[in-house]
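Here is how the chains run, residue by residue.
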Amino acid sequence: MNEPTAFAKKESLPRREFLKAGGALVIGFSSAGFVSDALFGQGPPPQTFSKPRSGVAGPPDPKQIDTWLAIHADNTATVYIGYVELGQGSTTSLLQVSAEELDLDMSQVSTVRLDTDVTPNQGGTYSSSSIARGSPAIRTAAAEARQALLEMASKKLSVPVESLSVSKGVVSSRLGRKSVTYGELIGDRRFDLAFTGKAPLKSVTEYKLVGARPPRNDIPDKVSGKYVYLQHVRLPGMLHGRVVRPRGQGVYGAGAKVATLDENSIAHIPAARVVRKGDFVGVVAEREWDAVRAARDLKITWDMPANLPGSDGVYAAMRAEKTNDRVVLERGDVTPAFASATHVATGTYHGAYQAHAPFGPNGALADVKPDSALVICSTQDVYGTRNTLAGVLGLPAAKVRVQYYEGSGTYGHSCYDDAAQAAAILSQLAGKPVRLQFMRWDEHGWDLYGPAHVGEVRAAIDANGKIIGYQYDGWHHNWSAVETSQQLALGTPAAEWRLGAAQQVNPGCCGAMYDIPNLRLVNHQVPGLGYLKGAWLRSPLDLAFAFASEQTIDDLARQVGIDAYEFRRRNIKDERWLGVLDAAAKAANWQPAPPAANISNEKVARGRGIGLGTHLTSYGGAVAEIEVNRETGKVAVKHMYGAIDAGLAVNPAFIENQISGQLVQTASRMLHEEVTFNKTNVTSLDWNSYPILRFEECPEVTAVVVQRLDQRSTGAGEEVMAAAAGAIANAFFDATGVHITEFPLTPPRVLAAFRRS
Amino acid sequence: MAGKIKLRVNEQVHEVDAAPDTPLLYVLADDLQLQGPRFGCGLAQCGSCSVLLDGAEIRSCVTPLSAVEGKSITTLEGLPAWYAKQRRLHKAPALHPVQQAMIDEQAVQCGYCFNGMIIQAAELLLQTPQPSDAEIRTAMNGHLCRCGGYPRVIKAIKRASQAMAAAIDSDREKEIAQKIGTTRAEATR
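Structure report, in brief.

About the thresholds
- Residues numbered from 1 in each chain as written.
- Chains lettered and ligands numbered in written order.
- Predicted model: local features only at pLDDT ≥ 70, side-chain atom pairs only at ≥ 80, totals over all residues.
- Pairing = 2+ DSSP bridges.
- Helix = DSSP H or I, 4+ residues; strand = E, 2+ residues; numbered from the N terminus.
- Axes fitted to C-alpha atoms, helices over the stretch in contact; angles between N-to-C directions.
- Expected span 1.5 Å × (residues − 1).
- Buried ≥ 20, exposed ≤ 12 C-beta atoms within 10 Å, placed from the backbone.

Residue and element names in this part refer to chain A. Pairing in this open sheet of 7 strands is mixed, and the strands run 10-11-8-18-15-16-17 from one edge to the other. Each edge of the open sheet carries a strand with a single partner, namely strand 10 (272-277) and strand 17 (400-404). Strand-to-strand twist across the sheet, computed as the mean angle between neighbouring axes with direction ignored, equals 25°. Where strand 8 (residues 239-244) and strand 11 (residues 280-285) come together, 5 bridges link them in antiparallel fashion. Bridge pairing in strand 11 links His 240 to Ala 285.

What follows is the structure, given as structure tokens:
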């Protein structure tokens with residue numbers, strides 16, 4: 001198999017790596033292995049490759065300590081992690097957890113890239129779960145390894161284990177001046193120990209690294225240009241590939257059919273050739289520019305049905321569908337509650353399709369041979385991608401090797417699987433390794449979008465201002481289960497995730513934070529094959545849920561004349577929800593005022609709003625301060641305040657960075673982002689037709705981490721976006737006295753709302 | 001048709017065999033194997049491919065080779081040396097002050113846009129050593145960030161601006177000290 005290289009010039013092997021190569025666990029070079037792209041001189045390398053550890057396809061046995069970590073002769077450790085780094089710092093956090101239990105410092109721990117022949121299978125890196133679901137195994141394995149090392153040290157030094165302590169991998173006994181390093185005890189040999197999970201863990205009070213703020217290990221290389229992104233990887237002897245598709249996907253169920261294809265139309269680029277399987281069309285060439293030009297110039301026409309509802313008609317179309325319904329959560333009985341209420345608020349809200357639009361379009365490299373394949377891509381789940389690739393290529397999963405390189409921030413299921421399949425199909429057809437790079441319009445146009453949503457909310461209070469009834473009905477389609485490359489190449493029919501799995505109305509945004517005795521949440525699943533492709537987009541649909549729900553809560557507060565923050569405090573019992581609510585309000589210096597006290601008729605109206613919501617775990621609270629230009633309809637978000645309680649924050653600094661990013665991204669999604677489409681296909685294909693927030697309109701941000709040392713760690717990569725969306729919507733009413741019932745809040749939509757009111 | 005084209009990149013001359021209409025980015029990435037400029041849109045909309053051309057930021061994804069022959073191209077990799085040349089330093093620092101400030105502010109998330117952010121900020125600080133908040137936002141407005149990293153980038157640029165001003169002061173002090181030393185030596189002689 002070919003060796004992927006960052007670039008040929010990095011092939012010389014640093015001595016430190018070479019020394020490790022003699023042991024059982026190797027980073028770096030071997031004749032059958034992979035060239036390390038590690039960079040040295042500034043602490044441990046962010047992520048390198050490791051050679052296959054056993055000669056058999058992974059996943060390695062999770063019940064072996066050696067699966068999780070290795071101790072090297074130089075007294076450093078390699079930690080094998082099953083979660084990918086997505087630019088959020090979770091890899092460094094997991095190294096903190098591991099170093100903490102091993103009593104190493106951060107300069108002594110590093111990890112390797114995810115690789116189905118090397119790293120453990122911890123499931124996909126979804127739902128901000130790296131720390132919540134990833135750290136327990138890594139923590140317990142490290143503790144168990146430490147215990148084993150102490151026993152070795154006890155024998156070696158002839159002292160009881162109880163007399164030993166460890167600092168930076170040096171085991172010392174208080175009985176005499178005896179010490180030995182981890183490296184001397186086991187250096188590059190296997191533990192050969194069953195992983196029982198029974199070793200005692202450190203208590204929170206003993207933590208030195210967990211809860212601290214060591215810097216991220218990937219940032220130095222990311223600013224110097226040394227970091228190897230997926231887009232930088234090359235394979236020897238490879239061709240450059242591009243897919244050729246209609247500009248903008250059509251209705252998911254139909255895919256796209258080639259009507260006419262004129263291969264001679266690229267005769268002026270002799271080095272490029274067309275490859276085709278079914279309706280999957282691509283071009284390959286030795287030089288990248290030839291592939292780009294050939295894809296551009298190839299004369300091809302497509303049959304695409306004109307039966308999409310169009311972005312303007314999508315909400316009415318979804319609402320009119322015969323849906324597959326499921327009660328997600330039911331408490332008490334809402335009917336009598338509404339009958340006895342003194343005030344009721346109702347509303348219908350719309351949220352647009354939105355795109356992942358990763359900043360660098362997805363790509364992948366594949367070297368497909370008759371009996372095996374290597375695919376390098378930016379998947380969130382190397383083992384999951386391996387399985388689907390095996391199906392597409394007609395190979396057993398164990399014959400497919402998938403390696404992960406970080407691309408640009410994906411924020412959910414962007415086109416990485418589609419790109420991996422496309423590269424594999426191109427390589428299979430071309431008979432050579434192929435590097436596929438999606439163009440901007442491929443990524444924007446063939447994304448699996450965050451679905452459009454219709455939310456209908458009713459909420460009711462009694463004479464005391466207590467919320468007594470709440471109902472949320474949500475309409476949207478589910479996520480798509482078959483990638484476009486497979487659909488086009490093999491004719492596999494489109495399919496979506498089943499009802500009850502994947503996308504549902506989320507209690508964490510729809511009422512569950514409040515103490516409401518009668519509550520009913522209903523998911524109305526729209527048949528997705530008649531719409532665009534869908535998948536999880538950071539905090540999936542939560543922005544839409546909170547946009548609808550939190551405006552309804554504010555509506556109730558207004559009806560009884562209570563400040564929005566105070567009204568929420570009165571209706572929340574859960575102290576963790578109260579914690580983030582208070583934290584956000586305090587950061588914003590929220591002074592109680594009668595509802596809508598800010599409404600003005602000035603040209604530029606100013607308002608503030610508060611909101612709550614989360615994804616699946618954790619707790620999010622936010623405050624937004626905005627300005628609305630009544631003449632132009634332009635909304636400017638001036639300052640966002642966000643608080644997350646994610647239990648024990650392993651690295652609060654990383655969570656602050658995540659909160660900051662979430663607040664800005666939410667402002668972008670609430671103000672600008674909308675996938676547009678006509679009856680035939682998607683028309684938002686680049687950054688002009690799908691604008692996002694820019695520097696000039698970026699709000700100030702204030703991030704607050706509510707540290708809970710006594711609570712288990714939960715997610716922090718997407719848990720304040722819903723709250724922020726609700727806060728922006730509420731600030732809009734606070735400024736203008738007008739309900740905004742559809743996002744994004746673009747000037748035409750805002751002006752239309754003013755006209756209606 | 002392809003032919004040899006001479007490119008001056010990071011003060012080194014390279015001869016590449018590529019069609020003159022080839023966008024510079026593909027040659028930097030594929031032929032010269034540089035990792036600073038990178039593909040983002042191919043439409044000059046996002047800034048991930050930015051390089052300095054004779055000291056001014058351009059989008060290499062839409063700039064044909066024919067337009068850059070005979071000019072000096074600086075990529076992220078060459079930025080510390082470019083800075084040293086501007087400042088007449090004897091030795092290039094490991095990082096441009098903007099790069100260092102991005103680390104100090106832990107400004108990065110995925111980091112893919114940071115090539116363009118750093119290139120553009122370096123140009124800004126050359127033209128406007130002490131930019132206001134508004135000047136930073138205006139200068140950087142053509143660079144997008146999907147992760148929402150703008151607030152920290154603004155902070156980092158301010159930090160770099162301060163660091164560069166402090167470095168200038170220390171350069172001047174050294175210069176003055178040197179002059180005094182020379183004068184004394186002359187006086188003694």
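Next comes the rest of the account.
We now examine helix 10 (residues 416-430) of chain A. All names here are of chain A. Between the first and last C-alpha of helix 10 there are 21 Å, a value that for 15 residues agrees with the 21 Å anticipated at 1.5 Å per step. Burial runs high along helix 10: 14 of the 15 residues are buried. Positive backbone phi, at 70°, marks Gly 431, one or two positions downstream of helix 10.

This part is about unusual backbone geometry. All names here are of chain A. Of the consecutive residues Gly 58 and Pro 59, the connecting peptide bond is found in the cis state with omega at 5°. Tracing the chain through its elements places Pro 59 in the loop between strand 1 (47-48) and strand 2 (69-71). Between Phe 743 and the following residue, Pro 744, the backbone shows a cis peptide bond with an omega angle of 10°. By secondary structure assignment, the location of Pro 744 is in the loop between strand 26 (742-743) and helix 18 (747-756). At Asp 188, a position not held by glycine, the phi torsion is positive, near 65°. Examined against the element boundaries, Asp 188 turns out to sit in the loop between helix 4 (182-186) and helix 5 (219-224). With a phi angle near 50°, Asn 589 is a residue other than glycine that sits in the positive phi range.

Attention now goes to the sheet that holds strand 7 (residues 178-181) of chain A. Strand pairing in a sheet relies on backbone hydrogen bonds. The paired strands run either parallel or antiparallel. Residue and element names in this part refer to chain A. Spatially, 3 strands are ordered 5-6-7 in an open sheet, and the strand pairing comes out antiparallel. The open sheet has two free edges, formed respectively by strand 5 (164-167) and strand 7, since each of these has just one partner strand. For this sheet, the mean angle separating the axes of adjacent strands, direction not counted, is 25°. In this sheet, strand 6 (residues 170-173) lies alongside strand 5 in antiparallel orientation, the contact comprising 4 bridges. Following the sheet pairing, Val 166 is matched in strand 6 by Val 171.

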